[in-house]
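Structural overview
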Amino acid sequence: MLDVVLSKARFLIVDDEASNVRLLERLLELAKAGHVVSTMDPRNALSLVISEKPDIVLLDLHMPFVDGFTLISQIKAALPAGEYLPILVLTADITPETRQRALGKGAHDFLTKPLDPDEVLLRIRNLLETRFLHLELQRQNEALEQQVRDRTSQLEDTLGRLRAAQEQLVKQERLRALGMMASGIAHDFNNALTMVLGYGELLAAFFKNDAPQREREQFQHLMEAAEDASHVVARLRDFYRPADQDELRVAVDVNIAIQQAIVLTAPRWRDKCRARGIQITVETDLPTIPSFLGHPPEVREILTNLIFNAVDAMPEGGVLRFSTSSEDGRIFIRVSDTGVGMTEEECSRCLEPFYTTKGEHGTGLGLAAVYGFVQRYGGSVGIQSRKWAGTTFTLTLPSSSAQKVVVENSGLTRMRHLRVLVVDDQEIIRQIIAEMLQAEGHDALPVENGDEVLRQLALSKWDLVISDQAMPGMTGAQLAAEMRATKSSVPLILLTGFGDEMRTNGGTPPGVDLLVSKPLTASSLRRAIASVLNE
Ligand code: ADP
Ligand code: MG
């Protein structure tokens with residue numbers, strides 16, 4: 001009958017006597033033992049243990065070159081810790097000392113020569129059974145350990161996710177609390193500033209006419225500071241006002257908004273960098289995606305803020321990349337730079353209002369605005385950044401199909417309705433400015449050159465002209481002079497790009513009511529109009 005234990009086992013016989021080896025081989029062959037290897041040179045034994053991986057070693061004690069005792073020690077030393085490899089000693093020497101010594105070295109059992117076949121098989125079998133039980137135990141232990149490892153790593157994953165979710169929650173809460181605080185402060189400051197500016201206006205006439213030069217200048221500084229403060233306050237109120245059901249929202253094609261923002265900000269990322277001898281390359285990957293319901297000037301402000309930050313982060317130049325995509329009723333806008341990146345601390349705090357690492361040059365309001373707007377649209381802002389390894393901002397917004405119906409509203413205008421002529425030789429710029437004005441509830445007519453402005457002014461009544469300075473033919477300053485020469489008193493806002501060094505060369509040109517440096521944002525436009533028309 002086939003003995004399973006014997007048949008699956010591997011044997012190594014080490015005996016210098018050929019007759020012994022043959023006898024054992026024959027015996028094992030009859031018992032249908034698995035795999036049998038034998039050697040009569042004990043010097044080969046150790047390497048055979050390693051290469052043949054026997055389940056049992058049948059070992060003679062007295063052999064030339066290396067005796068059995070030494071071999072037992074060597075084999076034990078060569079085995080991995082915890083492995084049970086039975087060694088069955090075959091010897092004619094049955095003195096108690098010999099037995100004791102062999103057992104002391106680690107032999108597992110004895111057989112005395114001459115060998116009795118039944119006893120040989122029985123003892124071998126016993127030892128093999130123990131060996132296989134050990135192996136099984138080892139296997140189960142390993143499986144168990146693996147399970148524990150798997151489970152631990154699952155738990156660690158879950159814990160990591162929980163921690164991340166908790167951090168996110170804490171961050172959100174902090175932003176919310178800061179936002180509420182900021183808008184509360186903004187509200188109170190607004191009241192105070194309204195008083196300061198209001199009484200200031202009343203005093204202005206006095207200072208203009210009757211006050212000495214020094215006091216007049218001091219008063220001027222005071223009013224400028226109050227106005228600056230009121231702009232900060234107005235911005236804060238803008239970002240953190242709650243979503244307004246009556247707000248005018250239109251389907252915004254983000255890809256177009258990105259292209260417009262790139263053009264609008266070119267004075268900063270291209271011209272200014274060029275002047276400093278560095279280069280920022282703009283890359284876009286803008287596949288067609290669904291639109292989302294928003295306020296185009298706000299969307300451009302979001303993008304402008306992200307672009308300015310990216311430019312600030314690349315003082316040595318680099319790549320500014322825009323990509324969009326959509327999935328499951330959401331659209332994704334990614335703005336990446338290859339700039340200085342952020343530390344973990346900076347990354348986790350950069351959305352907070354007034355958080356800036358730019359000292360005097362920063363306001364810390366750019367990303368707060370981005371966050372405020374995106375939040376109001378029901379979206380989220382994701383930031384991926386490592387110090388010295390660039391930054392990617394990912395904005396997630398609900399696509400228009402996933403949003404509720406647009407609520408049209410006429411009460412959007414904050415100022416009186418104006419008719420504005422917009423002149424710029426670059427079509428996209430005059431379009432954008434016109435669109436910004438339209439979004440504010442004004443009528444705007446984009447025109448290509450100064451001559452057309454003069455023609456329109458002669459044709460009908462306009463409240464304001466917004467003009468680019470650098471245009472072929474007639475410049476903005478020349479247009480202002482022409483207008484005044486033809487007795488037109490319509491106010492003119494002159495937009496200057498980097499390089500139009502008019503401020504240093506004698507200040508505001510004659511006939512121009514206000515100089516505004518490009519790029520123009522919705523809020524700077526609003527402020528400019530308010531200041532020119534005293535709205
Ligand atoms: P500001 O630009 O006035 O500092 P922001 O709110 O726009 O304010 O940005 C806050 C801070 O976030 C910045 O001062 C800067 O430390 C960090 N930051 C924002 N964008 C980036 C960017 N693209 N790369 C590196 N740091 C950035
Ligand atoms: Mg900024």
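Residues numbered from 1 in each chain as written. Chains lettered and ligands numbered in written order. Predicted model: local features only at pLDDT ≥ 70, side-chain atom pairs only at ≥ 80, totals over all residues. Heavy atoms only, no water.

**Quick word on a negative patch on the surface**
The condition is simple: Here a patch means residues that are over 30% exposed by relative accessible area and free of salt bridges, tied together within 9 Å if like-charged and within 5 Å if nonpolar (Val, Leu, Ile, Met, Phe, Trp, Tyr). Computed by Shrake-Rupley with a 1.4 Å probe, the accessible areas treat only the displayed protein chains as cover when residues are assessed. Salt bridge, as applied in this entry: a Lys or Arg side-chain nitrogen positioned within 4 Å of an Asp or Glu carboxyl oxygen. Asp and Glu count as negative and Lys and Arg as positive, but His and the ends of the chain are not part of the count. Every charge is mapped to an atom, namely NZ of Lys, CZ of Arg, CG of Asp or CD of Glu. Secondary structure elements are taken from DSSP: a helix is a run of H or I of four residues or more, a strand is a run of E of two residues or more, and numbering for both begins at the N terminus.
A surface patch of negative charge is lined by Glu201, Glu224, Glu227 and Asp228. Of all the elements, helix H7 (residues 213-240) adds the most residues to the negative patch, at three residues. Here Asp228 lies in helix H7.

**Overview of the packing of H7 against helix H12 (residues 366-376)**
Rules: Here, axes are lines fitted to C-alpha atoms. For helices the fit covers the stretch in contact, and angles between N-to-C directions go from 0 to 180 degrees. Just so you know how the angles are binned, under 35 degrees is roughly parallel, over 145 roughly antiparallel, 65 to 115 roughly perpendicular, and the rest oblique. The contact criterion used is simple: two residues touch if any of their non-hydrogen atoms lie within 4.5 Å. In this count, Pro and Cys sit with the nonpolar residues alongside Ala, Val, Leu, Ile, Met, Phe, Trp and Tyr, while Asp, Glu, Lys and Arg are called charged and the others, Gly among them, polar.
In the contact formed by H7 and H12, the axes pass within 7 Å of each other and the chain directions differ by 30°. When the axes of H7 and H12 are compared, the pair comes out roughly parallel. In this structure, H7 uses Arg235, Asp238, Phe239 and Tyr240 to contact H12, whose residues at the interface are Ala368, Ala369, Gly372, Phe373 and Arg376. Its residues assigned to classes, the contact of H7 with H12 comprises five nonpolar, one polar and three charged.

**Things to note about the confidence of the model for the chain**
Operational definition: Residue-level confidence of the predictor is summarised by pLDDT, bounded by 0 at the bottom and 100 at the top.
Confidence along the chain averages 88 in pLDDT terms, with 93% of residues attaining 70 or more. Under a pLDDT of 50 for its full length, residues 404-414 has, in the predicted model, 19 contacts with residues more than four places off or in other chains.

**Some details on the site of ligand 1**
What counts, and what does not: By convention in this text, a residue qualifies as near a molecule or strand provided that one of its non-hydrogen atoms is within 4 Å of it. For this analysis, a polar contact is any N or O atom pair within 3.5 Å, provided that within protein one partner can donate a hydrogen and the other can accept it, and provided that sequence-adjacent residues contribute only side-chain to side-chain pairs.
Near ligand 1 lie 19 residues; those nearest to it are Asp337, Thr356, Thr357, Lys358 and Thr363. A distance of 2.8 Å is found between an oxygen atom of ligand 1 and a side-chain nitrogen or oxygen belonging to Asn309. Contact between ligand 1 and Thr357: an oxygen atom at 2.4 Å from a side-chain N or O atom of the residue. For ligand 1, whose accessible area on its own is 530 Å², the fraction buried by protein is 94%. Classifying every residue of the shell around ligand 1 by side-chain character gives eight nonpolar, nine polar and two charged.

**Section: empty space enclosed by the protein**
Stated precisely, the cut-off is as follows: A pocket here means an open set of points on a 1 Å grid, computed over the protein atoms alone, that has protein on both sides within 12 Å along at least five of seven lines. A cavity is instead a set of points where a 1.4 Å probe fits but cannot get out; residues with an atom within 4 Å of a point line either one. Grid points are joined across faces, edges and corners, and a volume is the space filled by probe spheres set on the points. A domain assignment, automatic or from a database, supplies the domain bounds used here.
Throughout the structure, instances matching the rule amount to three cavities of 30 Å³ or more. Each pocket or cavity is described by its volume, and for the largest cavity that value is around 40 Å³. What lines the largest cavity is simply Leu264, Pro297, Arg300, Glu301, Thr304, Met436, Leu520, Thr521 and Ala522. Per-element tally for the lining of the largest cavity: the top contributor is helix H10 (residues 296-312), with four residues. Considering only residue class, the lining of the largest cavity consists of five nonpolar, two polar and two charged. Two domains share the lining of the largest cavity, each providing at least three of its residues, namely domain 3 (249-402) and domain 4 (419-533).

**A look at a nonpolar patch on the surface**
Put simply, the test is: Here's how the labels work: a residue is buried when its accessible area is under 20% of the maximum for its type, exposed when over 50%, partly exposed in between, all with a 1.4 Å probe on protein chains only.
Side chains of Met181, Ile185 and Phe189 sit close together on the surface and give an oily, nonpolar patch of about 310 Å² of accessible area. Among the structural elements, Ile185 can be located in helix H6 (residues 117-209). Relative accessible area serves as the criterion here: at 41%, Ile185 is assigned to the partly exposed category.

**A short note on the sheet that holds strand E7 (residues 280-285)**
Going by this rule: What makes two strands pair is DSSP finding at least two bridges between them.
As summarised here, the arrangement of the five strands in space is E7-E9-E10-E12-E11, forming an open sheet in which the pairing is mixed. One side of each edge strand has no neighbouring strand; the edge strands of this open sheet are E7 and strand E11 (380-385). With strand direction ignored, the average angle separating the axes of adjacent strands in the sheet is 15°. Pairing geometry for E11 and strand E12 (residues 391-398), over six bridges, is antiparallel.

**A short note on the domain arrangement of the chain**
Quite often, the size of an interface is put as the accessible area lost when its parts meet. Put simply, the test is: Simply put, the buried area is the total loss of 1.4 Å probe accessible area from both parts when two parts are fitted together.
Segmentation of the chain into domains returns domain 1 (4-115), domain 2 (175-239), domain 3 (249-402) and domain 4 (419-533). Between domain 3 and domain 4, the C-alpha centre-to-centre distance is 28 Å. With both sides pooled, the region where domain 3 packs onto domain 4 buries about 1,300 Å², and carbon together with sulfur makes up 75% of that total. On the domain 3 side of the contact with domain 4, Val263, Leu264 and Pro297 bury the most area, a combined 36% of that side's loss. Put simply, domain 3 and domain 4 have one residue pair in polar contact (both at pLDDT 80 or more) between them. No other element matches H10, which puts six residues into the side of domain 3 that touches domain 4. Across the side of domain 3 that touches domain 4, the residue classes tally to seven nonpolar, four polar and four charged.

**Some remarks on the pairing of strand E3 (residues 56-60)**
Selection criterion: Crossovers are marked right-handed if the path from the first strand over the helix to the second runs clockwise, as seen with the strands pointing away from the viewer.
Of all five residues in E3, five are buried, a share of seventy percent or more. Burial of the side chains of E3 extends over both faces: Ile56, Leu58 and Asp60 are buried on one face and Val57 and Leu59 on the other. Here strand E1 (residues 10-14) pairs with E3 via four bridges, running parallel. Pairing of Val14 across the sheet is with Leu59, part of E3. Examined bridge by bridge, E3 and strand E4 (residues 87-91) share four bridges and lie parallel to one another. Looking across to E4, one finds that Leu58 is bridged to Leu88. Note on the crossover from E3 through helix H4 (residues 68-78) to E4: the handedness is right-handed.

**Topic: the side chain of Asp60**
Mapped onto the fold, Asp60 is located in strand E3. Here the side chain of Asp60 touches Lys113 through a polar contact of 3.1 Å, side chain to side chain. Residues in contact with Asp60, not counting those within four places in the same chain, are Val14, Asp15, Asp16, Gly68, Leu90 and Lys113.

**With respect to the sheet that holds E1**
Spatially, E2-E1-E3-E4-E5 is the arrangement adopted by the five strands of the open sheet, whose pairing is parallel. Each having just a single partner strand, strand E2 (35-39) and strand E5 (109-112) make up the two edges of the open sheet. Each neighbouring strand pair of the sheet contributes to a mean axis angle of 20°, computed without reference to strand direction. In this sheet, E2 lies alongside E1 in parallel orientation, the contact comprising five bridges. Following the sheet pairing, Arg10 is matched in E2 by His35. Strands E1, E3, E4 and E5 of the sheet are contacted by H6, whose axis makes an angle of about 170° with E5.

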